[in-house]
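# Chain and residue survey
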Amino acid sequence: MPRYSITTFGCQMNVHDSERMHDVLRRAGYTEAGGPDEADVLVLNTCSVREKAEQKLRSEVGRLARWKRERAERVLVVAGCVAQQEGERLLKQMRAIDVVVGPDNIPELPGLLGDLAIGGLPIARTVFDLDAPRFLVASPPSPGSSSSPRAAPTAFVTVMKGCDERCSFCIVPHTRGPERYRPSDEIVAEIAALVAAGTREVTLLGQTVNSYRDPLGALPRAPGASADDPDESEFAALLRRVAADVPGLARLRYTSPHPRHLTPSLVLAHAELPVLPRHVHMPVQSGSDRVLRRMIRRYTRAEYVARTRALVEAVPGLTLSTDVIVGFPGETEDDFAATLSLVREVGFKGLFGFKYSRRPHTPALKLPDDVPEGVKGERLARLFEESEALLAAHLSALVGTTQEVLVEGRDKERGHGGAGGALWSGRTARHEIAHIEGAGELDLLGEIVEVSIARANKHSLQAELTEAARAAARQRPRGGPEPRPGRRSLPVVAAEGG
C-alpha cells in the first residue's frame, strides 16, 4: 500500500487538520510511513501567520527536491494556510510540489492523489466551503477493542472555522475565510464518541472560538446571557450542553477565544461547570489603547482587564495566559511600557510573544513598518523576561502542593524511564506541565492522578505520585496498545491567534 508522512507547522488548528488528514488517508488505503524518507506521499501542512513560517516552507521544499529525485513516483503535497494563501503560485514557483490543498479541501486529497497517479497534472484546490461547510470528524478506535490502538487522552474538536474580526495584522480571514459554525448536535456526537473510546480531555477549536452560534438554533439561551449585548454568543450554551450530554468527559478546554466574547454568560459557565479547567488562554496582543485601535481589536485595555478580572474572581485559582505582538507599526516606547504594565497587572502565567511581521492581504500593510528590527527584538526579550519572572514565581509557589494531573504521554525528555526515573508527563487542571518521576513500572496513560509537586523547573513542574495514587495505579489493569500513531501525546502550544 502507498505510504504517507505528514509534517505540521503552526497552531492547534493545523495540528487538528493534520489529524484529520491521517484519518482521510488511512480510510483511502494509505499507511503511515516511519518518516519522510520512507514515504511515497509527503504532506507539509503549513502556517502563514508569521513570515518565518513561509520561509521555513520554501527551505523545506528546496531540501526535498533531492527526496523527489530519488524516486520519480514520490508526491509532495503542500496543505494548510500557505497553500490557501498562495494557491497555484506555489506550483509555478516550486516545481517539486505536486498538489496544493487548502484546509477546506482536505476530504478531496485522496482523489487528487489518485488523479496524479494515473497521469494527472499538478493541481491546486483552495476553495472555501461557504455554501455547505464541512467539518472533518475524528475516527476514534472502537471502544473495548484490545487489538486496536488506544484513543489519545486528549483530542481536538472543531466547533467553527474562519474569522470575521478583521484585526489589521492578521491573515486568518484570508486563509480560513469568514466564520462558519458547526451544528451543536455534531459537536456533541463527536465528543461523545471520543470519550467512549477513552479520550479524557477535549479542546474545542476555532479562530474566535467563543463567537460560536449554533447554525440550527438548537441551543437554549445560557444563564447570564443578554439579548442586548452585541458581544454575546452561544458559546456558553454550547459548553453547558457538552457538560450535560457527555458526563464522562473529564476536562473541556477551548482555544483561541476573543476578549470581546468573554461575556457574563461565559464567566458564569466557568463558575458553575466543573468540567472546565482553571485556565484560559485569552489573547490581548497589546496593553496600549492606541495600538489596540490600530490593530482593530475592538476592545480597550480597561475592558480587557475588567472582563478577565471578573473571570478570575468567579473561579478562584484560575490562571490566564495570552498572546502579545511587539513592534506593531507606530508602537512607541510608551506603548510597549503599557504592555509590560498590563502583563504585570493581569499576572499572566504564560505568554506567547511575537515580533510583528508584515503579512499579505492584511490592512496593516497600509501602515509603515517603522519599528526597527533591533528594537522589536529588544522589546521581545524584555517581554519574555517579565513573563518568565511571573511564571517562575507561580511554579515555585506550587512546590509542596498536591495537584491532579491528566497523564498525556511518555516524557519526551527522559524517554522510557531514563535518568531520574521520569517516565510520564501531563498537565494539571491549570495547564501546568508536570513530569512524574518514579512511576516507570505503572501504566498511567490517560489517567488523572494525584501528585505531590517536588520542585519547579523553568517551564514545568517535577512531581511524584502520592501513595494513594500509586496504590490505585497498581490495582488498575494495564491499558493495552499505545495511542494510534499521528496523534499528539502532549498538547501543542498555540501560535499567534485571536
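The structure this text deals with has already been given above.
What this report covers is the structure whose coordinates are included nearby. (Residues numbered from 1 in each chain as written. Predicted model: local features only at pLDDT ≥ 70, side-chain atom pairs only at ≥ 80, totals over all residues. Heavy atoms only, no water.)

### So, the environment of Asp164
We count it as follows: Here a strand is any run of E in DSSP of at least two residues, a helix any run of H or I of at least four, and the numbering for each starts at the N terminus. The contact criterion used is simple: two residues touch if any of their non-hydrogen atoms lie within 4.5 Å. In protein, a polar contact means a hydrogen-donor-capable atom and an acceptor-capable atom, both N or O and within 3.5 Å, with residues adjacent in sequence counting only if both atoms are side-chain atoms; elsewhere, any N or O pair within 3.5 Å suffices.
Take Asp164: it is sitting in the loop between strand E8 (160–161) and helix H6 (172–176). Contacts of Asp164, omitting those with residues within four sequence positions, involve Pro178, Glu179 and Arg298. A polar side-chain atom of Asp164 sits 3.0 Å from the main-chain amide nitrogen of Glu179.

### Regarding the packing of helix H7 (residues 184–196) against helix H8 (residues 235–245)
This is how the line gets drawn: Axes here mean lines fitted to C-alpha atoms, for a helix over just the part in contact, with angles spanning 0 to 180 degrees between N-to-C directions. With respect to orientation, any angle under 35 degrees is reported as roughly parallel, any angle over 145 as roughly antiparallel, any angle of 65 to 115 as roughly perpendicular, and every other angle as oblique. For a crossing to be left-handed, the near helix must be turned anticlockwise from the far one by less than a right angle; the clockwise case is right-handed.
One way to put it is that H7 packs onto H8 with a least axis distance of 10 Å and a crossing angle of 40°. When the interaxial angle is binned, H7 and H8 end up oblique. Crossing geometry of H7 relative to H8 is assigned as right-handed. Seen from H7, the contacting residues are Ser184, Asp185, Ile187, Val188 and Ile191; seen from H8, they are Leu238, Arg241, Val242 and Asp245.

### Quick look at the sheet that holds strand E2 (residues 31–32)
Defined as follows: Any two strands between which DSSP finds at least two bridges are classified as paired.
With parallel pairing, six strands are arranged side by side in an open sheet as E2-E1-E3-E4-E5-E6. At either end of the open sheet lies a strand with only one pairing partner, and these are E2 and strand E6 (123–125). In this sheet, strand E5 (residues 99–101) lies alongside strand E4 (residues 75–80) in parallel orientation, the contact comprising three bridges. Within the sheet, the bridge partner assigned to Ala79 lies in E5 and is Val101. Strands strand E1 (3–8), E2, strand E3 (41–46) and E4 of the sheet are contacted by helix H1 (residues 12–27), whose axis makes an angle of about 175° with E1.

### A look at the packing of helix H11 (residues 301–314) against helix H12 (residues 333–346)
Threshold: Under the grouping applied here, Gly and all other residues not named as nonpolar or charged are polar, the nonpolar ones being Ala, Val, Leu, Ile, Met, Phe, Trp, Tyr, Cys and Pro and the charged ones Asp, Glu, Lys and Arg.
Where H11 meets H12, the axes come as close as 11 Å, and the angle between the chain directions of the two elements is 15°. Looking at the two axes, H11 sits roughly parallel to H12. Considering only the axes of H11 and H12, their crossing is right-handed. Contacts between H11 and H12 involve Arg301, Tyr304, Val305 and Arg309 from the former and Ala338, Ser341, Leu342, Glu345 and Val346 from the latter. Split by residue class, the contact of H11 with H12 holds five nonpolar, one polar and three charged.

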